[in-house]
Amino acid sequence: MKVIVNRDNCIGCGACAGICPEVFQIDDEDGLSTVVCDDFSKVDETSLNDAIEGCPTAAIEKVED
Ligand code: SF4
């Protein structure tokens, strides 16, 4: 499983980075969310799911490998 941010939909509100900073950070350059995690086996599922559900534009998606 991995997580992607659809940057066309992201409005840079920062909610995901606030809820689950181990996976999401706001890019200094463009102000949009970026996935900074490459090992999702260690990620807290609850905060990841909260971040996905909390995104106001539904820009975050879980993708099965
Ligand atoms: S919560 Fe959604 S809209 Fe807000 S920064 Fe994260 S991906 Fe972008």
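Provided above is the structure to which this section pertains.
Residue indices begin from 1 for each chain and proceed along its sequence in written order. With the structure being a predicted model, the display of local features is reserved for residues of pLDDT at least 70 and the display and counting of side-chain atom pairs for 80 or more, all residues being used for whole-chain, interface and lining totals.

### What about the overall build of the protein?
Heads up, the condition is: For helices the rule is a DSSP run of H or I covering at least 4 residues; for strands it is a run of E covering at least 2, with both sets numbered from the N terminus onward. Exposed residues have 12 or fewer other C-beta atoms within 10 Å of their own C-beta, buried residues have 20 or more, and partly exposed residues fall in between, where C-beta atoms are placed from the backbone. Contact criterion: two residues are in contact if their C-beta atoms, reconstructed from the backbone, are within 7 Å.
The secondary structure content of the protein amounts to two helices and four strands. Listing each helix as α and each strand as β along the protein from the N terminus yields β-α-β-β-α-β. Principal-axis analysis of the C-alpha atoms gives the protein an extent of 30 × 20 × 20 Å. Across the 65 residues in the protein, those meeting the buried criterion constitute 17%. Taking the intrachain contacts of the protein between residues at least 6 apart in sequence as the baseline, contacts between residues at least 24 apart amount to 60%.

### Some points on unusual backbone geometry
Here A58, not a glycine, exhibits a phi torsion of approximately 50°, which is positive. Here A58 shows up in the loop between α2 (45-54) and β4 (60-63). Its 10 C-beta neighbours within 10 Å are what place A58 among the exposed residues.

### Some words on the environment of D30
Structurally, D30 is set in the loop between β2 (24-26) and β3 (33-35). Spatially, the C-alpha atoms of D30 and N6 are 14 Å apart, while their sequence positions differ by 24 residues.

### Describing the nonpolar core
The condition is simple: Here a nonpolar core is just a set of buried residues of the types Ala, Val, Leu, Ile, Met, Phe, Trp, Tyr and Cys, joined wherever their C-beta atoms sit within 7 Å.
Ranked by size, the top nonpolar core spans 10 residues in total: C10, C16, C20, V23, F24, L48, A51, C55, A59 and I60. Not counting residues up to four positions away in its chain, the partners in contact with C20 are S47, L48, D50 and A51.

### Focus: the environment of V63
Residue placement: V63 occurs in strand β4. The spacing of V63 and V35 is 28 residues in sequence and 13 Å in space, taken between C-alpha atoms. Beyond its immediate sequence surroundings of up to four residues, V63 is in contact with K2 and I4.

### A few points about the environment of V23
Here V23 is to be found in the loop between α1 (15-19) and β2. Placed 20 residues apart in sequence, V23 and V3 show a C-alpha to C-alpha distance of 8.6 Å. In contact with V23, other than residues within four places in its own chain, are V3, V35, V36, C37, V43, L48 and A51.

The quantities given are spatial measurements derived from coordinates; they are silent on function.
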